[in-house]
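# Secondary and tertiary structure notes
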Amino acid sequence: MKRILPIIIFIGLFAFLAKSLFQPQTNIPSPLIGQSMPAFSLGELNTDTSLTDKDILGTISLINVWATWCVGCEREHDFLIELAGNQSIDIPIIGINWKDRDDLALRWLSQRGNPYIVVLSDPIGKTAIDFGVYGAPETFLIDEQGVIRYKHIGPLNRENFARNFMPIIRDLRR
Amino acid sequence: MAAEFGQLFLISALAASLMQFFLGLNIISLDQTNREILITRFTSIHCLTVFLAMLCLGYSFLTDDFSVLYVALNSHTNLPVPYKVAALWGAHEGSLLLWILLLSLWGTSLAYSKKFFDHTLVLKISSLSILGLVSFGFILFIIYTSNPFERIYPFPEQGQSLNPLLQDPALAIHPPILYAGYVGLAVPFALALASLMSSNDYHWAGLARIWAINSWLFLTGGIALGSWWAYYELGWGGWWFWDPVENASLMPWLVATALVHSLIVTEKKQIFNGFSALLAIIAFSLSLLGTFLVRSGVLISVHSFASDPERGLFILMLIGFFTGGALIIYALNQKRSKPLNLNLWSRESLLLLNNVFLCSAAGLIMIGTLYPLVLELVNSEKISVGPPYFNFVILFPFIPLMLFIGVAVFSSWSGTGKKLLVNINRLALLSIVMGLITSYLILGYETPTATLGIILALWTIFTGAMPVIKNLGSQTHQLIKNLPMALAHIGLGLTVLGITVTSSYGITFDDTLGFGQSKQVGSYEFKLITIEDRAGPNFKAKVATVDIFSNNKKVGTVFPEKRTYDSAAPSMTEAGIDSNLFRDLFVALGEDLGGGVWSMHLQFKPLLRLIWLGPFIMILGGLFRLFLLKPFSREI
């Protein structure tokens, strides 16, 4: 027993790490929730104009951090398109293209459709650090005053959007 | 072209490491002498090729070759040259290359070591072979998932520059030092496995101890440097955050400390052979966990792991292979040990006891680090354990550990309790009295833990120093025989003293200050004089001038800065610190609130410097052991 105990413990640990690797993403309480979003100034994808946090005030919006190398982003993309087209929810989605290359991002959007009203480019991930981004995809719900109301880590889908985002959006609009 | 040459050298290194591995196997028929010569050669070729690959990457950095993706992501034409060099290991790909370079350097130091004799030659050959295999695995990992020589086309005009956080001298040299420590543990690991698979006796212990102490030195230095950097650079005056990156370096340190002590017992008494081997395996495994899981973000969050699943999976497989394989070899070759007849108060059992405490401490830290992941698996909630957990649980192994360290110093091999008690009671009394005086009369009573911490720290310092003091009049080698141990223990005591006093008696204020306004922190008064603009080589800064008074007498002026780097990064805080051995006065600039009013972070931290003075003295102890004691090593 004494000899095989270490290997048993290790197998347990290994299995656990392996499972963590494939664990679907869940919500991490962000210290930023309830706080104003961090100030940023980012260039729009493929143009010379840039946008700051002040420019997106005045309406409830989503900020979606994504990248072409991110598997989860692929999975949520169809839902984002659906969400963007949904007149009754009517919420603008701002994309932050994270640690990515512009050419790849443009190709992705032209191939899969563009759900975003604007896509900002954050190639080094500096704004993402301010937002406390762990890994793509992450989605932030921002209210009219620019306060972060909710943060979701991992792909969005109809179910988690209805459960986590909709109640807050309804409250904000009331 | 440099990048292509680098790629070629990397592939050559892959081949050389594979040859190094195969030469140790019996499938190649060679006599031992030739085998040794060849494996030594291939070890050096392997090292040389990795070094040349590193040089090629360095050349790409110095010539601003932004067609190399890694250079484009981590450099900039106006990045100062020393930081271009530091950028070599500033991100994932380059740091892996550094990791392998250091591994091959340690391997070479083993290959050319004069410590091997005829009967341990087989140990040398097998351990070099194992090191070759470890290197092979990681070079493969680099080539497949993290190639620093990858080109991009079209290439950018300008690089994205090194993360400003990393543009700091202490942090620039921090990774190589810490990595040298991590990777150095591969040598005891390889020696332990080599021994398990061959003679399976105590001969490896003396050899392994040399590299274990070496790695321990680097780990100690790396951890202390990292903590010091966090203190003045991260801006909020903390010196240890229990974040996964720090934990990942502390765990191997604790186990390496246990390993160094366990190897003493194995070398001298020829017992605990299996335990030492197990510690060697665990220490290196924790290094693997530390270097890679943190680098690729697994421990911080499973999510960034998932964002690059290929890399994560490869790492996990490597860990599974090396740790799993080593533990299987351990299980298969573990000899049924003779029932040991240990006296409870002998040095053997006290060292064993303390090694168990050290390992428990590492285990508790591991639980705290992985616990958020465990909980997430169980009920899909992400919570953070945080400093309260660590600060609390670490006391449980550390209080008895500190207590028994002093006892162990005075114990003797196979000794009994009676004599021991007589020897230590005076020092114990002295520590208690001095501790009580310090905590009640000098500093003022705070908490029972603080008082206990001070007593135990003094106890460790006194008991550490005593064997040297007692031998002051005797022959030189008698005197210096105990010096490494004494310095290491005094260093630990000082560190614990610093930690206890700083965390129990420190004062912190967050407040706003306008020009000419002042704020009382403890017995010190901080007064904001001016805030001016300054331009650095690649940043702009606001520099404040803050005068500090004590009893209306000016004791110092500090210049905290807030820097904005050109590359559109978030601003960085450079704290203003006035320090002496007894206290630190710390000012960090917060936000400009307009109208000349700034938010500020003010701290008074007594005895803070001991936290870094302690490791420095520990390192001196280790260096003494390695270099000064050499001529006498036969007698010790």
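Remember, it's a predicted structure, so these values are computed and weren't measured experimentally.

Right, let's get into the overall build of chain A. When you go through chain A residue by residue, the secondary structure sums to five helices and seven strands. Helices and strands appear in chain A in the N-to-C order α-β-β-β-α-β-α-β-α-β-β-α. By its C-alpha atoms, chain A is 65 × 40 × 30 Å across when sized along the principal axes. For chain A, with 174 residues in total, the buried portion stands at 37%. Counted over contacts in chain A with a minimum sequence separation of 6, partners at least 24 positions apart contribute 75%.

This part covers the overall build of chain B. In terms of helices and strands, chain B carries 21 helices and 10 strands. Here the C-alpha radius of gyration of chain B, 26 Å, is about what a compact globule of 636 residues would show, namely 26 Å. Counting across all 636 residues of chain B, residues that qualify as buried make up 51%. Partitioning the contacts of chain B with sequence separation of at least 6, the portion at a separation of at least 24 is 73%.

Low-confidence regions, as indicated by low pLDDT, have predicted coordinates that should not be scrutinised in detail. With 91% of its residues at a pLDDT of 70 or more, chain A has an overall mean of 82. Element-level pLDDT for chain A is lowest in helix α4 (residues 126-130) of chain A, with a mean of 76, against a maximum mean of 92 in strand β3 (residues 61-66) of chain A.

Quick look at the environment of Gln603 of chain B now. Residue and element names in this part refer to chain B. Locating Gln603 in the fold gives a position in strand β10 (residues 598-606). Given 26 C-beta atoms within a 10 Å radius, Gln603 is considered buried. Distance from Gln603 to Ala331, taken between C-alpha atoms, is 52 Å for residues 272 residues apart in sequence. Not counting residues up to four positions away in its chain, the partners in contact with Gln603 are Gly237, Gly506, Ile507, Thr508 and Phe586.

Looking now at the pairing of strand β6 (residues 561-565) of chain B. All names here are of chain B. For β6, a buried count of four out of five residues is recorded, marking the element as mostly surrounded by other parts of the structure. Here strand β4 (residues 539-550) pairs with β6 via five bridges, running antiparallel. Its bridge partner being in β6, Ala541 is matched across the sheet by Arg563.

By size, the foremost hydrophobic cluster in this structure holds 194 residues, and its most contacted members are Ala186, Phe189, Val255 and Ile281 of chain B. Each of two domains, domain 1 (1-167) and domain 2 (507-608) of chain B, supplies a minimum of three residues to this core. Excluding its chain neighbours within four sequence positions, the residues that come into contact with Ile281 of chain B are Phe189, Ala192, Ala326, Leu327 and Tyr330 of chain B. Formed by 30 residues, the second largest nonpolar core is a distinct cluster that contains Met37, Leu80, Leu83 and Phe131 of chain A.

Here we come to unusual backbone geometry. The phi dihedral of Asp90 of chain A falls on the positive side, at around 50°, and the residue is not glycine. Note on placement: Asp90 of chain A falls in the loop between α2 (71-85) and β4 (93-98). On the basis of neighbour count, Asp90 of chain A is assigned to the exposed category, with 12 C-beta atoms found within 10 Å. The backbone of Ser414 of chain B shows a phi angle near 55°, a positive value even though the residue is not glycine.

Time to look at the packing of helix α6 (residues 121-145) of chain B against helix α8 (residues 186-197) of chain B. Geometry of a packed helix pair, given as the angle between the helix axes and the separation of the axes. Residues and elements named next belong to chain B. Running from amino to carboxyl end, α6 crosses α8 at an angle of 125°, the nearest separation of the two axes being 8 Å. Between α6 and α8, the crossing angle belongs to the class labelled oblique. When the axes of α6 and α8 are compared, the crossing they make is right-handed. Side by side, α6 and α8 meet where Leu123, Ser126, Ser127, Ile130, Leu131 and Val134 of the first sit next to Ala186, Ala190, Leu191, Leu193, Ala194, Ser195 and Met197 of the second. Taken together, the residues that form the contact of α6 with α8 break down as 10 nonpolar, three polar and no charged.

The terminal C-alpha atoms of α6 of chain B lie 36 Å apart, and with 25 residues this matches the ideal 36 Å at 1.5 Å per residue to within 8%. Summarising burial for α6 of chain B: 18 of the 25 residues are buried, a large majority.

Residue and element names in this part refer to chain B. Taking 1.5 Å per residue as the helical rise, helix α10 (residues 244-269) with its 26 residues ought to reach 38 Å, and the 37 Å between its terminal C-alpha atoms agrees with that figure. The buried fraction of α10 is high, at 21 of 26 residues. Trailing α10 by a residue or two, Gln270 shows a phi angle of about 60°, which is positive.

Let's shift gears to the pairing of β10 of chain B. All names here are of chain B. The pairing of strand β1 (residues 507-513) with β10 spans seven bridges and is classified as antiparallel. Pairing of Thr508 across the sheet is with Gln603, part of β10. Pairing of strand β9 (residues 583-592) with β10, which is carried by eight bridges, proceeds in the antiparallel orientation. Looking at the pairing, Asp584 lines up with Lys605 of β10. Hairpin connection from β9 to β10: five residues lie between these consecutive antiparallel strands, with Gly594 at a positive phi of about 90°.

What follows is about the sheet that holds strand β7 (residues 148-153) of chain A. All names here are of chain A. Read from one edge to the other, the open sheet built from seven strands follows the order β2-β1-β5-β4-β3-β6-β7, with strand pairing classed as mixed. The outermost strands of the open sheet, each flanked by one partner alone, are β2 (50-52) and β7. Going across the sheet, the axis of each strand differs from the next one's by a mean of 30°, ignoring polarity. Sheet analysis places strand β1 (residues 41-44) next to strand β5 (residues 118-122), joined by two bridges and oriented antiparallel. Along β5, the bridge assignment pairs Glu44 with Leu120.

Residues and elements named next belong to chain B. One open sheet holds the four strands; their spatial order is β1-β10-β9-β8, and the pairing between them is antiparallel. Each of the sheet's edge strands pairs with one partner strand only, and the pair in question is β1 and β8 (576-579). For this sheet, the mean inter-axis angle between neighbouring strands, taken without regard to orientation, is 15°. The pairing of β8 with β9 spans four bridges and is antiparallel.

The domain architecture assigned to chain B consists of domain 1 (1-167) and domain 2 (507-608). Using C-alpha coordinates to define each centre, domain 1 of chain B is positioned 43 Å away from domain 2 of chain B.

A few words now on the packing of helix α7 (residues 169-184) of chain B against helix α9 (residues 203-233) of chain B. All names here are of chain B. Put simply, α7 and α9 touch, their axes get as near as 7 Å, and they point 150° apart. Accordingly, the angle class assigned to the pair α7 and α9 is roughly antiparallel. The crossing of α7 and α9 is left-handed. Taken together, the residues of α9 that come into contact with α7 (itself represented by Ala170, Leu171, His174, Ile177, Leu178, Ala180, Gly181 and Gly184) are Trp211, Asn214, Ser215, Phe218, Leu219, Gly221, Gly222, Leu225, Gly226, Trp228 and Trp229. Partitioning the contact of α7 with α9 into residue classes produces 11 nonpolar, eight polar and no charged.

Moving on, we come to the environment of Pro115 of chain A. All names here are of chain A. As for its position among the elements, Pro115 is in the loop between α3 (102-112) and β5. The spatial distance from the C-alpha of Pro115 to the C-alpha of His77 is 8.0 Å, given a sequence separation of 38 residues. When residues no more than four places from it in sequence are discounted, the contact partners of Pro115 are Leu80, Ile81, Leu83, Ala84 and Ile93.

Basis of the calculations
Residues numbered from 1 in each chain as written. Chains lettered and ligands numbered in written order. Predicted model: local features only at pLDDT ≥ 70, side-chain atom pairs only at ≥ 80, totals over all residues. Helix = DSSP H or I, 4+ residues; strand = E, 2+ residues; numbered from the N terminus. Buried ≥ 20, exposed ≤ 12 C-beta atoms within 10 Å, placed from the backbone. Contact = placed C-beta atoms within 7 Å. Rg over C-alpha atoms; globule rule 2.2 N^0.38 Å. pLDDT = per-residue confidence, 0-100. Pairing = 2+ DSSP bridges. Core = buried A, V, L, I, M, F, W, Y, C linked by C-beta atoms within 7 Å. Domains from an automatic or database assignment. Axes fitted to C-alpha atoms, helices over the stretch in contact; angles between N-to-C directions. Parallel < 35°, antiparallel > 145°, perpendicular 65-115°, else oblique. Left-handed = near helix turned anticlockwise from the far one by under 90°. Nonpolar A, V, L, I, M, F, W, Y, C, P; charged D, E, K, R; others polar. Expected span 1.5 Å × (residues − 1).

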